[in-house]
Amino acid sequence: MQDTNLLEDTLKKQFGYTSFRTGQKEIIQDALGGEDVLGILPTGSGKSICYQLPARIQEGLTIVVSPLISLMIDQVKELKANNFKEVIAINSFMNPPERKSVYNSLYNYKLIYVSPELLQQQELIGRLKRLDVRLFVIDEAHCISQWGHEFRPDYLKLSEAIEALNHPTVMALSATATPQVQEDIIKALNRPNMNKRIYPMDRENITFCMEEVADDVEKIERMTRILGKYRIPALIYFTSRVAAENTARILSNRLEDRNIAFYHGGMEQIDRISIQQQFMNGQLDIVCCTSAFGMGINKSNIRLIIHFHLPLQLESYIQEVGRAGRDGKSSIGLLLYSPKDAFIPKNMIKNELPDKTDITNLFRHLYTMVQQGMEVATSNEQMENQLQINETQWKFFRFQLEKHGIIKNNRIQFQEENWRHALLSIETLIKERIQYKQEKLNDVLRWINEKECLRRNLYKFFQETYKNPKYHCCSNCGFTWDKWKPDETPLEKSHSESWQAKLKKVLLVGNVNEAE
Amino acid sequence: MFDGIILTCIDKLQGERTASSIYHLLKGKKSIQTVQDAHIYHLEKYYGIYNVLTKERFNNNLSRLVAEGLLNTIENEYSKFQLSTIGVEWLEEHKEHLKVEYFNGLTYNKITDVFYLRLLLLIQTLTNAKMNYFRFIPVTDNHSAERWVKQHYQTMKTKKKEVIQSLYDELYNLLDMFPEQDASLFVDRLTGYQTIGLSTNQLSEKYMLTDEDVHLLLTGMVHRIITTVHKDKEKFSIHAKILNDLSETNLITHSANKTNQLLKKSYTINQIAAMRNLKTNTIHDHIVEIALYDSDFPLDNYISAEDQKEVITVLNNENSFKLKDIKESLNENISYFQIRLVLAVNKKVLK
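For clarity, every value in this text was computed on a predicted model and none was experimentally measured.

Calculation criteria
- Residues numbered from 1 in each chain as written.
- Chains lettered and ligands numbered in written order.
- Predicted model: local features only at pLDDT ≥ 70, side-chain atom pairs only at ≥ 80, totals over all residues.
- Heavy atoms only, no water.
- Helix = DSSP H or I, 4+ residues; strand = E, 2+ residues; numbered from the N terminus.
- Contact = heavy atoms within 4.5 Å.
- Areas by Shrake-Rupley, 256 points an atom, 1.4 Å probe, with all protein chains shown as cover.
- Lys, Arg positive; Asp, Glu negative; His and termini not counted.
- Charge placed at Lys NZ, Arg CZ, Asp CG, Glu CD.
- Pairing = 2+ DSSP bridges.
- Axes fitted to C-alpha atoms, helices over the stretch in contact; angles between N-to-C directions.
- Salt bridge = Lys/Arg side-chain N within 4 Å of Asp/Glu carboxyl O.
- Buried < 20%, exposed > 50% of the residue type's maximum accessible area, 1.4 Å probe, protein only.
- Domains from an automatic or database assignment.
- Expected span 1.5 Å × (residues − 1).
- Right-handed = clockwise from strand over helix to strand, strands pointing away.
- Buried area = accessible area lost by both parts, 1.4 Å probe.
- Polar contact = N/O pair within 3.5 Å; in protein donor to acceptor, adjacent residues only side chain to side chain.
- Nonpolar A, V, L, I, M, F, W, Y, C, P; charged D, E, K, R; others polar.
- Core = buried A, V, L, I, M, F, W, Y, C linked by side-chain atoms within 4.5 Å.
- Phe/Tyr/Trp six-rings, centres within 6.5 Å; stacked < 30°, edge-to-face > 60°.
- Lys NZ or Arg CZ within 6 Å of the ring centre and 35° of its normal.
- Patch = residues over 30% accessible without salt bridge, like charges linked within 9 Å, V, L, I, M, F, W, Y side chains within 5 Å.

With that out of the way, let us pick up the overall build of chain B. Counting secondary structure elements, chain B contains 18 helices and two strands. Within chain B, counting contacts between residues at least 6 apart in sequence, those at least 24 apart form 67% of the total. With the model as given, the accessible surface of chain B reaches about 16900 Å², and the carbon-plus-sulfur share is 47%. Charge centroids of chain B, computed over 42 positive and 44 negative side chains, lie 9 Å from each other.

Residue and element names in this part refer to chain A. Strands sit in the order β3-β4-β2-β5-β6-β1-β7 across an open sheet of seven strands; the sheet is parallel. At either margin of the open sheet sits one strand with a lone partner, and together these are β3 (87-90) and β7 (195-198). The average undirected angle you get between the axes of adjacent strands in this sheet is 15°. The pairing of strand β2 (residues 61-65) with strand β4 (residues 111-114) spans four bridges and is classified as parallel. For Ile 63, the partnering residue across the bridge sits in β4 and is Ile 112.

Residue and element names in this part refer to chain A. For the structure shown, the criterion picks out 35 salt bridges over all chains. The residue Arg 231 makes a salt bridge to Asp 257 at a minimum N-O spacing of 3.7 Å. In this pair, Arg 231 sits in the loop between α9 (216-229) and β9 (234-237) while Asp 257 sits in the loop between α10 (241-254) and β10 (260-263), placing the two residues 26 residues apart along the sequence. The buried category is assigned to Arg 231, whose relative accessible area is 8%. Asp 257 gets classed as partly exposed once you look at its relative accessible area, which sits at 41%. Salt-bridge contacts for Arg 446 lead to Asp 443; the nearest nitrogen and oxygen are separated by 2.8 Å. Of this pair, Arg 446 and Asp 443 both sit in helix α17 (residues 416-448), three residues apart, roughly one helical turn. One salt-bridge network, held together by shared partners, links Arg 231, Asp 257, Arg 258 and Asp 285.

Glancing now at the domain arrangement of chain A. In many analyses, interface size is given as the accessible surface area lost on bringing the parts together. Parsing chain A into structural domains produces domain 1 (2-198) and domain 2 (355-441). Domain 1 of chain A and domain 2 of chain A are separated by 30 Å when their C-alpha centres are compared.

Another point: helix α10 (residues 200-207) of chain B. Within α10 of chain B, six of the eight residues are buried, which leaves it mostly tucked inside the rest of the structure. All of the buried residues in α10 of chain B are Thr 200, Asn 201, Gln 202, Leu 203, Ser 204 and Tyr 207 of chain B. Summarising the contacts, the buried residues of α10 of chain B are in contact with α10, β10, α11 (269-280) and α19 (499-506) of chain A together with α9 (180-188) and α11 (211-231) of chain B. Taken from the residues just after α10 of chain B, Met 208 of chain B is the one with a positive phi, measuring 55°.

Attention shifts here to helix α4 (residues 69-81) of chain A. All names here are of chain A. Taking 1.5 Å of rise per residue, 13 residues should cover 18 Å, and α4 covers 18 Å from first to last C-alpha, within 8% of that figure. Taken as a whole, α4 has its buried residues at Ile 69, Leu 71, Met 72, Asp 74, Gln 75, Val 76, Lys 77, Leu 79 and Ala 81. Downstream of α4 by a residue or two, Asn 83 has a phi angle that is positive, lying close to 70°.

All names here are of chain A. Across the two faces of strand β12 (residues 304-307) the burial is the same, with Leu 304 and Ile 306 and Ile 305 and His 307 all buried. In this sheet, β12 lies alongside β9 in parallel orientation, the contact comprising four bridges. Within the sheet, the bridge partner assigned to Ile 236 lies in β12 and is Ile 306. Sheet topology places β12 next to strand β13 (residues 331-337); four bridges connect them, and they run parallel. Residue Leu 304 lies in a different strand from β13, and its bridge partner there is Ile 332. Between the parallel pair β12 and β13, the chain is carried across by helix α12 (residues 314-321), and the sense of this crossover is right-handed.

For the rest of this paragraph, the subject is the side chain of Asp 358 of chain A. Residues and elements named next belong to chain A. When you line up the elements, Asp 358 lands in helix α14 (residues 356-371). Salt bridges are absent for the buried Asp 358, whose nearest opposite-charge side chain, Arg 364, sits at 11 Å. Asp 358 has contacts with Ile 389, Gln 393 and Phe 397, leaving out every residue within four places of it along the chain.

Attention shifts here to the domain arrangement of chain B. Residues and elements named next belong to chain B. Splitting chain B by domain gives domain 1 (2-98), domain 2 (105-243) and domain 3 (254-345). Once you take the C-alpha centre of each, domain 1 and domain 2 turn out to be 29 Å apart. If you look at the interface, domain 1 gives 14 residues, while domain 2 gives twelve residues. Between domain 1 and domain 2, roughly 1100 Å² of surface is buried when both sides are summed, and carbon and sulfur atoms account for 62% of that area. Viewed at the interface, domain 2 and domain 1 are joined by one salt bridge. A salt bridge links Arg 57 to Glu 212; the shortest N-O distance between them is 3.9 Å. Where domain 1 meets domain 2, there are five residue pairs in polar contact (both at pLDDT 80 or more). If you list the elements that add at least two residues to the side of domain 1 that touches domain 2, you get α1 (2-13) and α4 (55-67). Here the side of domain 1 that touches domain 2 is built from residues that sort into six nonpolar, four polar and four charged.

Mapping Tyr 193 of chain B onto the fold places it in the loop between α9 and α10. A relative accessible area of 21% places Tyr 193 of chain B in the partly exposed class. Tyr 193 of chain B sits 60 residues away from Tyr 133 of chain B along the chain, and the two C-alpha atoms are 8.1 Å apart. Tyr 193 of chain B has contacts with Leu 508 of chain A together with Thr 127, Asn 128, Met 131 and Tyr 133 of chain B, leaving out every residue within four places of it along the chain.

Our focus in this paragraph is the nonpolar core. The nonpolar side chains of a soluble globular protein tend to be buried, and buried together. Grouped together as the largest cluster of nonpolar side chains are 122 residues, with contacts concentrated most on Leu 503 of chain A together with Leu 26, Phe 58, Leu 175 and Phe 186 of chain B. No other element matches the 14 residues that helix α6 (residues 105-130) of chain B contributes to this core. Discounting chain neighbours no more than four positions away, the residues touching Leu 26 of chain B are Phe 2, Ile 5, Tyr 46, Gly 48, Ile 49, Tyr 50, Asn 51, Leu 53 and Phe 58 of chain B. If you look at the next biggest cluster of nonpolar residues, it comprises 64 residues, including Phe 208, Ala 261, Ile 286 and Leu 336 of chain A.

Each side of the interface is counted separately: chain A has 34 residues, and chain B has 50 residues. For the chain A and chain B pair, buried surface summed over both sides reaches about 3800 Å², with 59% attributable to carbon and sulfur atoms. For the chain A face of the interface with chain B, the top three residues by lost area are Trp 499, Val 506 and Leu 507 of chain A, together amounting to 19%. On inspection of chain A and its partner chain B, the count reaches three salt bridges. Measuring nitrogen to oxygen at the nearest pair gives 2.7 Å for the salt bridge that ties Arg 189 of chain B to Asp 271 of chain A.

We now examine the packing of aromatic side chains. Residues and elements named next belong to chain A. According to the stated counting rule, one finds 25 aromatic pairs over all chains in the structure shown. Site record: aromatic cluster; members linked through ring pairs are Phe 208, Tyr 317, Trp 447 and Tyr 459. Between Lys 299 and the ring centre of Phe 279, over which it is positioned, the NZ or CZ distance is 5.1 Å.

A few words now on a nonpolar patch on the surface. A cluster of nonpolar side chains, namely Leu 6, Leu 32 and Ile 57 of chain A, defines an oily patch on the protein surface of about 220 Å² accessible area. Mapping Leu 6 of chain A onto the fold places it in helix α1 (residues 2-15).

In structure tokens form, the structure reads like this:
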């Protein structure tokens, strides 16, 4: 009992929550008891508490592998803001002297976030080995599975890292993992006896709404009408940066008393932080964004998530729509589609992986390198430039080449028979991947054209039942917009002031309401 | 602004360099060629003023200027441009509004970002601390800025109110140098307690500028602020503190500096190349870089006084800085490396 109180006290004192959400406590207790655990918790249910809390109260070090640098950095910032200072994110953005100084002081930390790529480094592993690693966490664990919606080859090598670190307790977490993916995770980590803590991912306060329109123009008209009617925090997801920018501009012109901006991964860091924080702070009502936005965003009152483009997989849709209504209040996921939409994702799927010409080019290039006695460039960027392929494509190649023993410690091993074999096997693999992604897209298309309950048919791939909706179920079960009365944010008139007045305000000069 | 700067650069390059040399100049490429060009063509102001510029963005602007008839391509010359008559008129007409006098790129490009980020983070930290709110997300991850603010906040925290007041007074005076609109844009970018500054794109929409111009305007303003602070460190004591350890003297690259140390120990170029596992050409680049900044550079060690004279004569007669043209008019014993050294040392004498 005392243990339980300790957990609750820590939760309250360090994280500011009064009670655990579904699953958190069970997973934490497993980890503290030294049992490996696979936790599947819905988006927005506070997955990160599951390892942040043990890291804070347990002796020794917790390592968290996370695929997204921005996500790591956001979490570190948030933890530091919450006065948990012994945390760091080690990533490839750090410059060498900075990284070196961090490597030399690893013992100062209790929680270390690291990218899967860096965990391949002998230097880092060697240093971590000397520390007392108690808990090894794999965040977004579905990345380990070929059948997950964001396969990351580097994740497959994690079991080696776990072994090298002398088998700490393993915690694998994901928000979206089908039973097939769950099996894959357990297999790839080589931990058959993991506790499985699987919680339903359905969100009872989200209403699903599907609307067919003729084209993009009509999509914008629909959004103008809805967003003009309600003043609510909303996110609009796009698959292209340009579309996000343009739509933000159009909507701003049409909805003059709404604050609208765009956000995507191509923006400068300072601008990205600015938009995120404005949205958190209520200075912005609507953000037009790509999937880069939202990970690690802790805003509880997002009322509406619109998808302007088709998601490529139901898994990513569930994650994105799950950012709505974390406060439990009535929220809506609206997907707008036009008959033409199915073509865009098809191209995106093709571009994600290298094509046949890329493969031939790659092997030819490697052969030239062998003849000139060259090694594989250590910088990925250099290889990407030489081969004219994107980062994901090169990473895919590199993993395959290492798997087939063609690249060993950056040296290229030439053996004709093996190369022939590898070439064929890579070609087949790509074909399979594209086919698999196509099937996932077909699931999305089938769901969109669903005549029956959207809720049931969205979740059926992941779990057998779902909770009764708290407010409205979906547009196929009788939801109409006139039934929706969400909490609205008050209108704040922005008036133009002189720069002198604004400067005074931002610096709190002459401000009487200060805390001192 | 961006258009004006591109046109000015093309104008000054007199068709002797390709457009990508302008791109490198604005990005602040550390190559010796770029730095030397900045000196030769008197484009020092613009060096490194747009470090986040992408090639794509640059090329788009260039093509637009061609499409609008302000630029012509030079015949038979790949990717070289010159101003059209309309271009010349445009530049003349807009001269007053280009704000080129704000910039001091070559001197400040390395410290601009750090200075600006420190200022932004300091304002955010002090105002939030004043309201006893410590859970804010910093506007920047820049380590140098974080470290500096963390360090100085310790000494400021007991007198937050006074520091904020002086910061306000200083900023008021500094921003008062600028036109209303520029000052207003600068203030809109600031983040304080529960007020988050606007992004580049939000600023460009609000002030009806391009994203490029917002970036350049802010950079130019920061340069001007730094210049002003340097002139009166007492009046702008907090800003001076932010600038304090950001030296402008450290102009040569780390690697060139290493080469310089070895040269001073009398190692030969070949020895240094072997020791450092670098190509001889790279060591040559280092030496040209050193020559650019070292007023006591021993030019005579590398080229005889006689040959130096010959190069300078050709330079003055040719009235061109194209290395190839110069080389062709010279005694063939004189290498490109030697010509570049003469150019570097004599950059101020020429023109």
